[in-house]
Amino acid sequence: MMIRATLTACFVLTASVLGGCQKASDPPAVARDQLEQVNSWGPQGSAVLPTQQIITPAGQQVELPGMRPQAIALSPDGALLATSGKTTELVLIDPATGKERQRVSLPPAKDILGADDASSHNLKPDKGAQLSYTGLCFSPDGSHIYLSDVTGSVKVFAVDVDHRVTSAGSIALPPTGLSNRKPDIPAGLAISSAGTRLYVTLNVSNRLLELNAVDGKQLRTFDVGNAPFDVVLTGNKAYVSNWGGRRVDGASVTGPIGESASVRVDPVRFVANEGSVSVIDLQSGATVKEIMVGMHASAMALSPDRRFVVVANANSDSVSVIDTASDAVVENISTKWQPSDLFGCSPNALAFDSSGKMLFVCNGTQNAVAAVAFDPGHSKLTGLIPVGWFPGAIAYDVKRNSISVANIKGVGSTKHYPPGQPVKYNVHQYFGTVSLVALPDKEELVRLTQTVLENCRRRDSAAALLAARADAAPLPVPQRAGEPCVFKHVVYIIKENRTYDQVLGDMKEGNGDASLCIFGEQITPNQHKISHEFVLLDNTYCSGINSAEGHQWTDSAIATDYLERSYAGFLRSYPDGMEDNDVDALAYAPTGFIWDNVLAHGKTLRDYGEFTISDSGWKDPTRRRGPSFTEYYQDFVKGTGQTRIASRPAIESLRHYLATDTVGWNMQIPDVVRANRFITELHDFERAGTMPNLSIICLPNDHTSATKANYPTPAAHVADNDLALGQIVEAISHSAFWKDTCILAIEDDPQAGWDHISAYRTTAYVISPYTKRHTVIHTNYNQPSLLHTIELILGLPPMNALDALATPMGDCFTASPDLTPYDAVPNLVPLDQLNPNPQAIRDPEQRKFAEISQTLPLDEPDKCPEDLLNRILWQAQKGSKVPYPAKLAGKGEARRDAGDRD
């Protein structure tokens, strides 16, 4: 761990390069400098994020490499600061100096009385992970610490008189009573003033649990709302916030939230649309009221005079104030800087100062803490304090008149790590932080607020809302939504899990490292040819790090608080929208998806696999084993008609717009089959003389299936994906719609891959008659940039602050069209080239990885360890004698570690 005091001034060069300091009257800036790379650790502690935001955290930064801190607590005497989350340790910090005092391993899964509860766990979290959504507190006398562990227990630690902390055991939780899931997920914690009762919100079974805090004995449970998150106590009442609002009933419009659970949703977009607070009379044991608040009701705080409970509504950009005498909402406080601002604050944690006159709110998506002058009925947002990436927990330090903020993502995964830290290459090598910030005076708060607004590029967001001009000429990418465009159709292709260097690192024209390229031109000739003939983008980034997050960024341009906290283990669901149990309406942004935006503005839509669930197999229902890749492929090539390829929507809003004869995720089905299904309909569109305004195509097979026997080799899978992309581009460019169609393609996430610039950097493609030819574009783009570009082309407003601030891709286009069509390059790797059985592999290292591949859940998205999968891919392509790039040094220089292997 490392500590640094950072300055908080607005770095004008960095902000202007990303368009953060332009006037609201101007159109969004498009020119960007190649030198601005995502996650570069800049001067005096600034960093450019893959969201195209900047962080310049105030105060002192306590750096926590390898950790996503999601909970924080200050001891009653103010001498000890505890934090944890996405780690196997409780970290203790001296709040006065910021120095790490101690790290304590989490206790094993045994309760205080010694009864092993591990056998009740039917879900497997990440390797070595015992983690927390939220839920960390000290006992009133400071002698114990309690921590929620999402795998099904509460961890207990003892604190001695010298503030040394030791493990004291685990408290087992009652079973959920659900047949499909035995362990519950503990979230928020509260302890009685006497220190004898511990209250735990049970996020799966929708209950509040009362425990004896001394011996862990279970005393009572209380029914609450849907997906309870936090709990506070006052008098004889407990208040419980419910992420999902009220429980569903027969009259509810519902959507799934993981396996065998559902939540109330709106009837158009099918996004979770409630939040509530349950009020429990602890004397009678009755739940006496459920108070409706904003969406994603999350963290709560009790005012020092105990008159008010406040709850953060993360999906409503607001805080609700509840009067504890009447149990009624008396005020809703917006955490937006201006009421007209787009959604994108995500308030998710809060704390009062000792006077109760100031309320501090973590605005996760703004990377800031909102300072609110608290006066119920007249409260006012007075300023913003910059902290790290996605603040998710906060504590007020009365001794030092300061705040301690746990930044879940901190600085992300950077190329230029802070001085003294080893360089990491992998987006799953987390780097959280804790910000220790002395409360600013009024003058300083004004300056800090300006810093936050510039770091969040608020002027770009405002410019994105300017009205269309009547005299604007048609452009490939209009400057304002609603102005004329040369395009009528967009085809948006979403692929799976590659970095730039892995695929295009061998292109000498761009900023690549050929030594890191494993799927070069021999395997991906079409992606190389497209990049040669059109534009090569070498400064484009994924905003997320896996499919659960990635498909939210590619489809909605934002990730919610629920999703950011799900990294504690993804135990409720893995919300990638590709499987029955991984569809989760709580994960979705309240502003919906790009298809909702399209449909709401009268445009037409067709979806080919994105957010769908495969319903494929043999046409003969008596054949039990599903078809293999080879069987699907041979049936497709020979036209024997033995297999059935079909899908159904993962979200109801897509039902009437889905091409049901194709699929999204199903690694057994070749991407060339997906391409064929689209091309068949394209010809139908030509005959009809009309084509949808937006077509979305899922091409997932560059994910690969490692070296599992009788599955396609990694090279074959990627070659399949490459050929499918080339065929789609060829078909469109030879069609009647070529003259007014734009094709945009990007990966959903970088899947922990390696890249010498940033692990977030990815491949993206812009293909149209108006695309510049034979040009390298160094402009900083990301997934929301593609969505913002789609919106401008189709005349749609931005959905939220993140696509509004994202740089549109105007630099990629020219005013004069070149109608020369694209001709696909045949694959150079046989698409049905299969991995051999491990016994047939002579190289012992490759044989070892082939044996490991046999055990991996490769038919399910992102279920196997990302780093392990990438090691397998490296050896499959490079051989065992070329060391795996476990660590990368500076730009253009790769450092190998031959001994760094699993």
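The notes below deal with the structure included here. Please read these numbers as outputs of a predicted model, since none were measured by experiment.

1. Concerning the side chain of S75
Residue position: S75 is located in the loop between β5 (71-74) and β6 (81-84). Only 3.1 Å separates the side chain of S75 from the backbone nitrogen of A79, close enough to count as a polar contact. For S75, the contacting residues outside a window of four places in its chain are L80 and F138.

2. Overview of the nonpolar core
Counting 81 residues, the largest nonpolar core has Y492, I594 and L694 as its most contacted members. Top contributing element to this core by residue count: helix α12 (residues 783-794), with six residues. With near-sequence residues (within four places) excluded, I594 lies in contact with D555, L694, I696, L787, I790, E791, L796 and M799. Counting residues in each nonpolar core, the second largest holds 59 residues, with L516, F534, L682 and L831 among its members.

3. Let's talk about the sheet that holds strand β27 (residues 347-352)
Spatially, β27-β28-β29-β30 is the arrangement adopted by the four strands of the open sheet, whose pairing is antiparallel. Across the chains shown, the open sheet's two edge strands, defined by having one partner strand only, are β27 and β30 (380-386). The average angle at which neighbouring strand axes cross in this sheet is 25°, direction not considered. Across five bridges, β27 lies against strand β28 (residues 358-363) in antiparallel orientation. Looking at β28, one finds that A351 is bridged to F360. Where helix α2 (residues 442-455) meets the sheet, its contacts fall on β29 (368-373) and β30, and the angle it forms with β30 comes to roughly 70°.

4. Thoughts on the pairing of strand β11 (residues 153-159)
Consecutive side chains along a regular strand alternate between the two faces of the sheet. Burial runs high along β11: six of the seven residues are buried. The sheet contact formed by strand β10 (residues 144-149) and β11 spans six bridges and is antiparallel. The residue bridging Y146 from the neighbouring strand is V156, located in β11. Adjacent in sequence and paired antiparallel, β10 and β11 are bridged by three residues, among which G152 carries a positive phi angle near 120°. Sheet topology note: the β11/strand β12 (residues 165-172) ladder contains seven bridges and is antiparallel. Note on β12: the bridge partner recorded for A158 is T166. A loop of five residues connects β11 with β12, the two strands running antiparallel in sequence, and H163 in this loop sits at a positive phi of about 65°.

Calculation criteria
- Residues numbered from 1 in each chain as written.
- Predicted model: local features only at pLDDT ≥ 70, side-chain atom pairs only at ≥ 80, totals over all residues.
- Heavy atoms only, no water.
- Helix = DSSP H or I, 4+ residues; strand = E, 2+ residues; numbered from the N terminus.
- Polar contact = N/O pair within 3.5 Å; in protein donor to acceptor, adjacent residues only side chain to side chain.
- Contact = heavy atoms within 4.5 Å.
- Core = buried A, V, L, I, M, F, W, Y, C linked by side-chain atoms within 4.5 Å.
- Buried < 20%, exposed > 50% of the residue type's maximum accessible area, 1.4 Å probe, protein only.
- Pairing = 2+ DSSP bridges.
- Axes fitted to C-alpha atoms, helices over the stretch in contact; angles between N-to-C directions.

Read these as layout, nothing more, since geometry by itself doesn't imply function.
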